[in-house]
Each structure stands twice: as structure tokens, then as C-alpha cells.
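One-letter residues, chain by chain:
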Protein chains: 2
Amino acid sequence: MLSEQIKITLSEDELPKQWYNLAADFQGAMLPPLGKDGKPITPEDLAPIFPMNLIEQEMSTERWIDIPEEIRGYLKIWRPTPLYRARRLEKALGTPAKIYYKNEGVSPAGSHKPNTAIAQAWYNKQFGIKKLTTETGAGQWGSALAFSCALIGLECKVFMVRISFDHKPFRKVMMQTWGATCVPSPSMETAIGRKILAEDPDTPGSLGMAISEAVEECMQSDDTRYALGSVLNHVMLHQSVIGLEVQAQMKKVGDYPDIIIGCAGGGSNFAGISFPFINDRMHGKDIRIIGTEPEACPTLTRAKFRYDAGDVAMLTPLLPMFSLGHTFVPPAMHAGGLRYHGMAPMVSQALREGHIEATSVGQVECYEAAVLFARTEGFIPAPETAHAIAETIRQAKQAKEEGKEKTILMNWSGHGIMDLKGYQAYLEGDLQNYPLPDELLERAERCMDGLPMP
Amino acid sequence: MLSEQIKITLSEDELPKQWYNLAADFQGAMLPPLGKDGKPITPEDLAPIFPMNLIEQEMSTERWIDIPEEIRGYLKIWRPTPLYRARRLEKALGTPAKIYYKNEGVSPAGSHKPNTAIAQAWYNKQFGIKKLTTETGAGQWGSALAFSCALIGLECKVFMVRISFDHKPFRKVMMQTWGATCVPSPSMETAIGRKILAEDPDTPGSLGMAISEAVEECMQSDDTRYALGSVLNHVMLHQSVIGLEVQAQMKKVGDYPDIIIGCAGGGSNFAGISFPFINDRMHGKDIRIIGTEPEACPTLTRAKFRYDAGDVAMLTPLLPMFSLGHTFVPPAMHAGGLRYHGMAPMVSQALREGHIEATSVGQVECYEAAVLFARTEGFIPAPETAHAIAETIRQAKQAKEEGKEKTILMNWSGHGIMDLKGYQAYLEGDLQNYPLPDELLERAERCMDGLPMP
């Protein structure tokens, strides 16, 4: 049985020709982002930060948006990605469930992030932009943008949270190999960086500080813009290729998912696999769609739906989203890509409208799941991906208890071979969970007091 | 043009059903391996180290050998691998040449090594073996065997050269994630290890020492055997899937290579892509087949064809091969996979019979080529792979000078994202070449004085 088909592949011609935009199909209209004055922001307000062609996508409610042929050309470097049947994991679990995973780890940067990095770089290039700035925490997004800028021909500057910069020297080398500049944040290269360093020369940095520096630098120059790897509507749009490909792949084998699972940080990889299926669900398909987050950063499961800023310094517009508060600093767990305080407004709305569910997992369970996955399926997952695997295993075990032959689909968002430190801690028994007491979350929320309410 | 087809793929059904054995087609018979007494060794001599089913393959001159269906099932985890048309690299070089590369970096361990690791683990399991021992230098082979043993259900113990063990802590974690034990060599766990440490407690270790330890440990137990990742005939056999797939892929696009290039260390990845084409060449095809090695370890280009041992301690049989001498220690260049003193006997015979050519490259040119590749094609190559890229670029430039539309095929043996230290050195201008003076090579050869001559 184990020599039966494992990978369901598509030809390059079958790469989607359009992105799917869930904004066209929500029951209620999406709430607008707000400026400092509490009024909805206009395209012009965003123009110093993003090129107008991406701002149009950000605000679009068109259901289908054409993928430019040149972008498809770049995506073909690694897409369509294979959909795997996890036969060996199924066997190890003794479950009657069928488990499929979409392997987004095959991109040059190792995760799903290049799906939007390529698109953003291309639209900026079309708009005449010469340089992109961004921030990165764990390094996945910075790597993806560096790769994309190298191929498309843009300068790229990445502000990397200082503690990650120091702990993961090879992420920096990876970005430099693709020609990007990578500096530790806070840096002496921006006013806000100098201000922070003057007050605390030894700060480990944070994603909020790095965003502030990247935005400040982009605003210094007419031909420079800023790129964000998650949260925004156009990022969710670009990631929809994942779910659209899966729909075609499932059709090829005559199967269809009962349960869809993705890990949720800012929301982009969860949205990527699930949004096209939410459309199916609106048309009557019986599917459970589950976003799984760390119990150490429980945005969907424990935070309130609020207007909040995307960064500590509140330089970004206020977004309607589930947020732990823009000053929330999650514990030092290994899944750096899931440590964001907020959640994409579109994912937030999908939860509020009941299209999706949310669960959380502690990191010990995640690494246990990841190691089982590596030893059965072969590929070593990213710590973020491990959250989706843990929830998948929970569901597969439940199917076993119930004796039901369910079909489970998981987004395998990236490989973990640049992030083996967490595996080391797990294997040495030196890993802990970080459940958060209610008081701590309530305290974190207070930074949102006084902000406009949705 | 750049959105034209990039990847030529095969379905799982098109994975080869047989391995190709070049030993059936050599003009002369292969010289036998010799024992310490200078007499040809028998299968029984090898039985304490390898299982009999692999010894039969090692000595076979059958042209086609069936790939067991279960092994095909494991290979399908990542095979068939895509053949890429390097359109963006071609454009950057302005060459009329068409460049294809076979991407063997998509395996869970990141290189072509699992092609034989899976097969060796499976045959050992069939033979009733419970545990495999091996050595690893850079870590690619140890990772591949750890991955294969995890899936097939064998214990795995890897002796990793101490200096690599200390410099690359995450290779060890990778192997441990797959359940293998990885110890620095020399270790206190073997008699030879204890002896070496008693004489020199601070030794950095060497591949020769690590082989000795792995062989010693395997001989302590009836249900333990040793596995080698290159050099031997059955390894070349298992790697032939690479070239056989390329033949099918080239046929799909109606193309055929004029020049085939692979990097050459022990010879397995070069053999993998080229041996099926040597068969074509024997049947009249006009192809140049080039093995490219580091100028710091110039086995094919500057060494003599001799009988020599595979390890420093001369525990292995004597093999007929181009060898720099079993005591040769190459300079500290980054392509750890190309630092072996010898060359596979089959590759050696292919050179002697004129089927292949050999070139060498300095490591500065290799990293220059690798960075250009990463910035045009996206994927970051392994330092070993960079040698094949450098030679490919030389040939593409020559085609440009000559105005000839040649088709160049290269084996992209693995990705380099676990080995970014060399990129760092290159980008910081801190990288050098290691040309070797004749006297040094002549001195190294002397350890072979008195060994039987072919």
C-alpha cells in the first residue's frame, strides 16, 4: 500500500491564472482601516508606503483577480507545489483518516512566503520602485523578499530583530547571498532606531521596532516602498494559489477534505489554503476549517476583536482584528513566525462570520508531532508548521476513536532545517510550554484603551 | 520567454523500474578489489561489513537490475525529481547555450544521497540487519542515512568527523531528529578511537578515522552492518536513477545534451547523472561528459591510477582507482563532500577508457558561480554543486564565444542552506583558492609505495 501514489502534482499550465479574493464573498462588508484621526484611510494615505497597484488590490472586492503572466513565470520556479498523501503518518497513527499535506516547503526560501513576495516585488517594479524595505523576525519573510528582489531586480533592505540576527547568523547570510542588505534592528540607520538605542543600547529588539524602522526608511525616498509578509488583504489574495491548487489536486484523485488545518500567526498561510474552500463552504460544502495557533500567542482563541495598530510605535493604520494589543510581547517560544500580536483582518472576519474555528497548542506537543512527522514522512517541518501537524494528529486520533474515515488536509507551510534549535531543545528535554494567565492578557490589552471600537 | 516551461517533470509511474549498471558495458573487465594479501577478495571477505544482497550487487555485471517495488515506494517521497531549464541563468550569461539542471536538492535530506541510502537501508533490513553504522564529514551522507533508517526502521549510528561535529551543530540535530545517534569521531566508543585519542586528545578527526570507527563498531555485532555513501559499485548503481530520469525528461521536450557536467568527490553524483549517458555514447551519441573536482583535491585531474585503501587505517580492501594516497589531507575548503582522496573505481575506469573528461575549479570561482545561480535561478546550491555550476558557466561562455547553440546538462546535487558558512566567507571577501604544488602531491602519493600495482 505504501508504494501507492504519494504526490499529487500539477503541470505548470495548471498553475492558477487568477487569485481568489474572499473579500467579495463575506456576508458583511469588511470594516475599513482607520487613520490616527479615527477616520477611514484613503488610498492616498497609503501611497508613501505601498505602490498604488497594490493599494488597489488591498481595497478590491473583486472575486477573481488575474495573475499577470510574468508573475506566473516566476511562481513556476517552484509551483505548482505537490500535494502529499501522508500514508506513513496515517499508518503510524493507525487512523482510518486520510491525511493530505500541501508541501509549500519546496520554494527556494523554504516556505509559502515567496507566493506574495514575488507578487509584491513585481508590482513594485512595475510601478517604478527601485528598492523595498521590510522587517523580519525568524527570518522566513526576509529571506523570501530577498530571493524575490534578486530575481526581479530590486534592492532589498531587511531590518532583522536584533536577538534573531545574533542567534541566527545564517538567515542573514541567506539574504545576503540573494543580494539583500540585512541589518540588526534597532539600528543607527533610522531616527527611531537611534532613539531606541539611546534609551536602551542593549535592547534585544522587537518586530514592532523593526517595522517602524522599515517604514521610516521607506518614507525617506520616492523610489522606495515597504513590503509586509502577512496580515494585509493583498497578501491573503496572493496566497490563495495554495488552496486553488489543492482544489485541482483533490479533484484529480477524486477526494475532498472534511477538515482543513493551517497554523495561524499573521494569517497568510492559513488563509492561503483555506479561503478558496471557505467559498466552497458558502456554497454548501460540509467542511471544518481550523486555524491553529500557539498557546503562547493566542490571538484567535483568547483575544478580543478590536481596532489596533500593527506595530508598537503605532506608525501603521489601525486594523479591525483580533489582537492581544500592539505592546504584547509573547514568550520566547521557537515558532517565531507565530509571535504576532494581531491577526489578518480577513481571517478575523472569517472567524466572526463562523466560517472557521480556532484551536491552540503548546510547543511541546508541536515538537512531538513534528518529530513523528519527520520520522514517518521524511521532511522536517518548520516550528510554525508543527502547529498544523499537531492539530492534524489530534483530528486523526479522534477519527480513530470514532471509527470514521475522514479526509484531513493540512498546509505544510515550510521546512525547518534553518530552525533546528527548537528540535535540539525538544530532543534534550529542555523545552517548555507557555500557557498565559488571564491577568497577563488583560494587562496586555490595556494598550488598546481609547482606540476606536469596531 | 521566461514564463515558458521551466520544470520538466515525470509522474511517479515514470520513476525507473530498473537501475543501470555500467559494469556490464565497459570495454575491459573491471579490476577486482584486493585483500591485504594482494589476492582478489571474495564475497565472504565482505560479509562482516555488508549484507550479502548488497555484496551481490557490488560484484554484479548484469546491465539492468530491478528496483524492488518497496524501494520505489520510498523514492517516491521526493522522486522523480524535476529537470529545470535554467532560463534566467542563460539570459544573465547571454549565452546561446541551453542549460538544464537536475534538481536533486528536493529530497528530505537535501541532496542525491538518499537515492542509495534508502536502497542500502532496505537491503540491510531485508537481510535481517537491525543497525547501520557509517561515517560522515560534511554531514550530507549521515543525514541521508539517518532519514532512510528512520523510515525503514533501522537503528543508525553516525561517526562524524570531530571538527565538523563542532562547527556544524545543526547537522547533528538533523540526524537526531530522524532518530539517529551521532557521535564526534574519534570517540571513546571504539578501540581505534580510544587509541587515537590517547595519542592526540585534541585531534580534529578525519574521514579516515571515522570510517575505521564505523567499521570497527559494525564488526562487533552480528546484526549490525556498515554503509558507505559513495565510491562503491552498488552506490553508483543506485544513483543511476538520476540519469535514467533525465533521459525520459529530455525526450519529453525533444532535446538531448551535448555536454553533461557533474561535480566529482567520491563519484556518486557524477556517476548518477552520467552513466546512463555513457551507455548512449557507446552507442554512437556525440556527448562530452565532464567530471569537475576542486583544485584542492584533484583526484581525476592530477592523481595516478593505483590500488589504494579507502581509509587511513587501511581497514578497507584495496580498490583500483585514481588516488592521491590514503593519507592525503586536503586543505580546509568548504566543499566537504569533495575532499575524498580517492575516486570510485567505476568512474576511474570510465576515465581510463575515455568515456569522460575531468576538470578542476578553485573555490572562489565556485562561489562566484553559486551566487550568480542563486540570484538568477533562486535556489542556493551546495558548495559541492557549485563546482558543476562553475564548469557549466565556463562551457556556456565558450558556446557564446563560438556562437554555438549547445545543450548543457548539469547535476544539481543538493542545496546549500545547511552550509552557508562558505557563502559568508565569499561575501566577506575572506575566501581563498588552494592550488597544490606538485611536490606536495608527490609526497602524498608515497603512502601507496609497495601496494600492488594495477
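Structure shown above.
Residues numbered from 1 in each chain as written. Chains lettered and ligands numbered in written order. Predicted model: local features only at pLDDT ≥ 70, side-chain atom pairs only at ≥ 80, totals over all residues. Heavy atoms only, no water.

Participant: Looking at this structure, I do not really get the overall build of chain A. What am I missing?
Facilitator: Scanning chain A from terminus to terminus reveals 18 helices and 15 strands. A globule of 454 residues ought to have a C-alpha radius of gyration of about 22 Å, and chain A, at 21 Å, matches this closely. Here chain A holds 454 residues, and 66% of them are scored as buried. Considering only contacts in chain A between residues 6 or more positions apart, those separated by 24 or more positions represent 78%. Accessible area of chain A: about 15,500 Å², with a carbon and sulfur share of 50%. (Helix = DSSP H or I, 4+ residues; strand = E, 2+ residues; numbered from the N terminus. Rg over C-alpha atoms; globule rule 2.2 N^0.38 Å. Buried < 20%, exposed > 50% of the residue type's maximum accessible area, 1.4 Å probe, protein only. Contact = heavy atoms within 4.5 Å. Areas by Shrake-Rupley, 256 points an atom, 1.4 Å probe, with all protein chains shown as cover.)

Participant: Can you walk me through helix 10 (residues 207-218) of chain A in this structure?
Facilitator: Spacing of three or four residues puts side chains on the same side of an α-helix, whose turn is 3.6 residues. All names here are of chain A. Here helix 10 contains 12 residues, and its C-alpha end-to-end distance of 16 Å stays within 8% of the 16 Å for a straight helix at 1.5 Å per residue. Taken across its 12 residues, helix 10 has 10 buried, putting it largely inside the fold. Along helix 10, the residues classified as buried are Gly208, Ala210, Ile211, Ser212, Glu213, Ala214, Val215, Glu216, Glu217 and Cys218. Buried residues along helix 10 sit against strand 6 (131-136), strand 7 (155-161), strand 8 (181-185), helix 9 (191-199) and strand 9 (224-226). (Expected span 1.5 Å × (residues − 1).)

Participant: Whenever I open this one, the pairing of strand 7 (residues 155-161) of chain B confuses me. Can you help?
Facilitator: Across a regular strand the side chains alternate sides, sitting on one face of the sheet and then on the other. Residue and element names in this part refer to chain B. Buried residues dominate strand 7, accounting for 6 of its 7 residues. Examined bridge by bridge, strand 6 (residues 131-136) and strand 7 share 6 bridges and lie parallel to one another. If you follow Thr136 over to strand 7, its bridge partner there is Met160. As paired strands, strand 7 and strand 8 (residues 181-185) are joined by 5 bridges and run parallel to one another. Opposite Val158, over in strand 8, you have Cys182 as the bridge partner. (Pairing = 2+ DSSP bridges.)

Participant: Looking at this structure, I do not really get the relation of the copies chain A and chain B. What am I missing?
Facilitator: For the pair chain A and chain B, the superposition axis carries a translation of 0.0 Å, the fit reaches an RMSD of 0.0 Å, and the rotation angle comes to 180°. The superposition of one copy onto the other is thereby described by a two-fold rotation axis. Both copies present the same face, since 100% of the interface residues in chain A are matched by interface residues at the equivalent positions in chain B. (Least-squares fit on C-alpha atoms with pLDDT ≥ 70 in both.)

Participant: It is not clear to me how the sheet that holds strand 5 (residues 98-103) of chain B should be interpreted in this structure. Could you clarify?
Facilitator: In a beta sheet, neighbouring strands pair by backbone hydrogen bonds and run either parallel or antiparallel. All names here are of chain B. Pairing is mixed across the open sheet formed by 7 strands, whose spatial order is 1-4-5-15-10-11-14. The strands lining the two open edges of the sheet, one partner per strand, are strand 1 (7-8) and strand 14 (357-361). Taken together, the 5 bridges between strand 11 (residues 288-294) and strand 14 define a ladder with parallel strand orientation. Directly across from Thr292, in strand 14, lies its bridge partner Thr359. Seen against the sheet, helix 11 (residues 233-252) touches strand 1, strand 4 (83-85), strand 5 and strand 15 (407-412) and runs at an angle of roughly 135° to strand 5. (Axes fitted to C-alpha atoms, helices over the stretch in contact; angles between N-to-C directions.)

Participant: For this particular structure, what's the right way to read the packing of aromatic side chains?
Facilitator: Two measures describe an aromatic ring pair: the distance that separates the ring centres and the angle between the ring planes. All names here are of chain B. Tallied over the full model, the rule gives 32 aromatic pairs over all chains. With a centroid separation of 5.3 Å and 55° between ring planes, the pair formed by Tyr20 and Trp64 is classed as tilted. Linking Tyr20 in strand 2 (residues 18-20) with Trp64 in strand 3 (residues 64-66), this pair joins segments that are 44 residues apart in sequence. Judged by its relative accessible area of 37%, Trp64 falls in the partly exposed class. Centre to centre, the rings of Tyr101 and Trp412 are 6.1 Å apart; their planes meet at 45°, and the pair counts as tilted. Highlighted residues: Tyr101 in strand 5 and Trp412 in strand 15, separated in sequence by 311 residues. Residue class for Tyr101 comes out buried when judged on its relative accessible area of 0%. Of the residues examined, Trp412 reaches a relative accessible area of 1% and is grouped as buried. (Phe/Tyr/Trp six-rings, centres within 6.5 Å; stacked < 30°, edge-to-face > 60°.)

Participant: Looking at this structure, I do not really get the interface of chain A and chain B. What am I missing?
Facilitator: With 47 residues of chain A in contact, the opposing surface of chain B contributes 47 residues. Run the count over chain A and chain B and you get 2 salt bridges. Among the salt bridges present, the one from Lys7 of chain A reaches Glu12 of chain B, with a minimum N-O distance of 3.2 Å. Applying the counting rule to chain A against chain B returns 18 residue pairs in polar contact (both at pLDDT 80 or more). Here the side of chain A that touches chain B gets 6 residues from one element, more than from any other, and that element is helix 8 (residues 169-177) of chain A. For the side of chain A that touches chain B, the residue count by class is 25 nonpolar, 11 polar and 11 charged. (Salt bridge = Lys/Arg side-chain N within 4 Å of Asp/Glu carboxyl O. Polar contact = N/O pair within 3.5 Å; in protein donor to acceptor, adjacent residues only side chain to side chain. Nonpolar A, V, L, I, M, F, W, Y, C, P; charged D, E, K, R; others polar.)

Participant: Looking at this structure, I do not really get the environment of Met174 of chain B. What am I missing?
Facilitator: With respect to the secondary-structure elements, Met174 of chain B resides in helix 8 (residues 169-177). For Met174 of chain B, a relative accessible area of 0% translates into the label buried. Not counting the four nearest positions on each side in its chain, Met174 of chain B is found in contact with Ile380, Ile417 and Leu420 of chain A together with Pro108, Ala109, Ser143 and Met418 of chain B.

Participant: Which parts of the structure should I look at to understand helix 11 (residues 233-252) of chain A?
Facilitator: Residues and elements named next belong to chain A. The terminal C-alpha atoms of helix 11, which comprises 20 residues, lie 30 Å apart, in line with the 28 Å expected from a rise of 1.5 Å per residue. Approximately 30° is the largest bend angle found in helix 11, and it occurs at Gln239. Positioned one or two residues after helix 11, Gly254 has a phi angle of 65°, which is positive. (Bend = angle between axes of the 7 residues up to and from the residue.)

Participant: Explanation requested: the pattern of salt bridges in the structure shown.
Facilitator: Opposite charge on two side chains permits them to pair, given that their charged atoms come into close proximity. Under the criterion given, the structure shown has 46 salt bridges over all chains. A salt bridge links Glu4 of chain B to Arg87 of chain B; the shortest N-O distance between them is 3.1 Å. Highlighted residues: Glu4 of chain B in the segment before strand 1 and Arg87 of chain B in helix 4 (residues 87-93), separated in sequence by 83 residues. Across the pair Asp419 of chain B and Arg171 of chain B runs a salt bridge, and its minimum N-O distance is 3.5 Å. Taken as a pair, Asp419 of chain B in the loop between strand 15 and helix 17 (421-427) and Arg171 of chain B in helix 8 lie far apart in primary sequence, 248 residues in all. Through salt bridges with shared partners, a single network forms among Arg79, Lys102, Glu104 and Glu245 of chain A.

Participant: It is not clear to me how unusual backbone geometry should be interpreted in this structure. Could you clarify?
Facilitator: Excluding glycine, residues mostly have negative phi values, and the peptide bonds linking residues are mostly trans. Going from Arg79 of chain A to Pro80 of chain A, the amide bond is cis rather than trans, its omega being -10°. Cis geometry is found at the peptide bond from Ser185 of chain A to Pro186 of chain A, where omega equals 5°. Relative to the assigned elements, Pro186 of chain A resides in the loop between strand 8 and helix 9. For Val231 of chain B, which is not a glycine, the phi torsion comes out positive at approximately 70°. Position of Val231 of chain B among the secondary structure elements: in the loop between strand 9 (224-226) and helix 11. Of the residues examined, Val231 of chain B reaches a relative accessible area of 4% and is grouped as buried.

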